[in-house]
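Coordinate analysis (summary)
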Amino acid sequence: MKHGTVGRHSKAIHGGNDPAAHRGAVSVPIYQSSTFAFPSAEEGAARFLGESRGLIYTRLGNPTTQALETCVAELEGGCGAVGAATGMGAVSTVFWGLLQQGDQVVSTRPLYGPSGVMLERRLSRFGVTTTFVNASEPGALAAAVHPGTRLVYIETPANPTVDLVDIATAAEAAHGAGALLVVDNTFAGPYLQRPIEWGADIVLHSMTKSLNGHADVVAGIVVARDTAVMQTLREAAIAYGTTMDPHQAWLVLRGIRTLGMRVERAQSNAQALAGWLEQHPAVEWVRYPGLPSHPQHELALRQMDGPGSIIAFELRGGVEAGRRLMNGVRFITLAVSLGGVETLIEHPASMTHKGVGEAEQRTQGITAGLVRLAVGCEDPEDLRADLDQALAGI
Ligand SMILES: *Cc1c(COP(=O)(O)O)cnc(C)c1O
C-alpha cells in the first residue's frame, strides 16, 4: 500500500503495513526465518533469475525488513530503501557500493566521528581520496567539487556542533560535477527534514537514534531517490552482508510508529531548555537551530520543519565545569547516542569525537568544553530542575 499523499504521522504509523498480506495482523509479524521454501524447482529458479518476486533467503530480503524499508522510503520520499545492521553499516553500504579506486569524495566537517575516520583512514587505503570542507562556510563545498568527484557526503545538522549545511546548494554543486549527494539525516530524521525534497540522491540513517527512539536496538538504513541507484545499493548491501535481521527490523517498526509524537515532544522540551540555558549565568554559549542566536537560524527555518532536539553548549568554566555538570546530573543520563525518549548528556571531545584528534577537533569547532545534550520526552520542568541543580554544583 502506498501512502504518498498522507501526512507524516500517518506515514510513520501505516507505512509498509498491509494487514491483508499477513493474515490480518495489524502489527507486522516477525518473519524469523533465514530461508523460504520454493513451491517447485522451476519457481526457485525463476526467483533467482528475478523473473518471480517471491522470497528466497533473509539476507536477500525478508517481509519484516521490507515493511520497515517501505515505511522509511515513504517518510523520506525515496523510491526504496535497504535496511542495515547498524548506522555504520548504512554508511559502508553507500561507500563500498558506489566508490572505486581513483574517486574523490567531498565531505563536510564536522561529521559523525567514525564516518570521517572511514573516509580518511579506511577508504584512503583503496585509492579513494576525500576533501573535507567546513560545513557552514558558504561556497567551500562548490569550490572543492571537480569532475573526478563521485560523491558529496554531508551531515546536517552536524554532530556534535549542530552546524547546518544548505542541502539545495550542496545538491547543485554535486550535480554540476556529475556526482551524487548523500545526506546523513540521522540528527533531524524524516519527520523534520527530507533531503530528497532539496535535491539529495541518497539519504541514510542510524535508526539507532530517533527512528527507533527507545535506546534498545542498533540499526541503519539507506534510501535512494531513483531506482538505478537503489538497485546498486541493495546489491552492495546483499554482497557485503550489511543487511539487517527481521527481529531488529520489527523493533524499529514498533518504535517508528510513534516517531512524530516523540519528535514533537522532545523538540518542544529542547526549545524550552535551549532558551533557558542561554540565559543561565554559568553558560558561555548555546548552539541550537531553534534559537535566533544560531548563525544559520534562517536556513533551519527554511530547510527543516523544526529545529530538533540536540543542543550543544559550553559552560563559562570550560572543561572542568562541563565534567562537574555531567557528574552532577541525577535524572539526565550520562551516555552517548541521541534521539531516544530519555535525555542523554555527553562530552564530544573525550567521547564520541575522541577519534578525530585534538587539532582537528578545534578546526571543526568541537571545543574542549562543549557539552552535547540530546533531549528526550520527560517533563520539561524535571529536566530543567535537574540541570539547574547540577549547574548550581559546579
Ligand atoms: C550514531 C550515528 C551513526 C552511526 O550509527 P550506528 O547505529 O551507531 O552504527 C552515523 N551517523 C550519525 C549522525 C550518528 O549519530
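This structure is a prediction, so every number in the text was calculated from the model and none was measured.

1. Focus: the pairing of strand β3 (residues 129-134)
Inspection of the sheet shows strand β2 (residues 104-109) paired to β3 by 6 bridges, in the parallel sense. Residue pairing in the sheet places Thr 108 in a bridge with Val 133 of β3. Of the crossover connections in this fold, the one passing from β2 over helix α5 (residues 113-122) to the parallel β3 is right-handed.

2. Comments concerning the domain arrangement of the protein
The domain boundaries assigned to the protein delineate domain 1 (8-30 + 61-256) and domain 2 (260-391). Once you take the C-alpha centre of each, domain 1 and domain 2 turn out to be 24 Å apart. Listed by partner, the interface residues are 39 residues for domain 1 and 37 residues for domain 2. By the criterion of area lost to domain 2, the three top residues of domain 1 are Pro 160, Leu 164 and Leu 192, representing 22% of everything that side buries. Taken together, the links from domain 1 to domain 2 amount to 5 salt bridges. Residue Arg 302 pairs with Asp 166 through a salt bridge whose shortest N-O separation is 3.2 Å. Taken together, domain 1 and domain 2 are joined by 19 residue pairs in polar contact (both at pLDDT 80 or more). Taken together, the elements giving at least two residues each to the side of domain 1 that touches domain 2 come down to α1 (8-14), α5 and α9 (246-256). Among the residues forming the side of domain 1 that touches domain 2, the class breakdown is 19 nonpolar, 13 polar and 7 charged.

3. Thoughts on a nonpolar patch on the surface
Where nonpolar side chains cluster on the molecular surface, the patch consists of Phe 38, Phe 48, Tyr 57 and Leu 60 and spans about 390 Å² of accessible area. Here Leu 60 lies in the loop between α2 (41-49) and α3 (63-76). For Leu 60, a relative accessible area of 35% puts it in the partly exposed group.

Rules used in this analysis
Residues numbered from 1 in each chain as written. Predicted model: local features only at pLDDT ≥ 70, side-chain atom pairs only at ≥ 80, totals over all residues. Heavy atoms only, no water. Pairing = 2+ DSSP bridges. Helix = DSSP H or I, 4+ residues; strand = E, 2+ residues; numbered from the N terminus. Right-handed = clockwise from strand over helix to strand, strands pointing away. Domains from an automatic or database assignment. Contact = heavy atoms within 4.5 Å. Buried area = accessible area lost by both parts, 1.4 Å probe. Salt bridge = Lys/Arg side-chain N within 4 Å of Asp/Glu carboxyl O. Polar contact = N/O pair within 3.5 Å; in protein donor to acceptor, adjacent residues only side chain to side chain. Nonpolar A, V, L, I, M, F, W, Y, C, P; charged D, E, K, R; others polar. Patch = residues over 30% accessible without salt bridge, like charges linked within 9 Å, V, L, I, M, F, W, Y side chains within 5 Å. Areas by Shrake-Rupley, 256 points an atom, 1.4 Å probe, with all protein chains shown as cover. Buried < 20%, exposed > 50% of the residue type's maximum accessible area, 1.4 Å probe, protein only.

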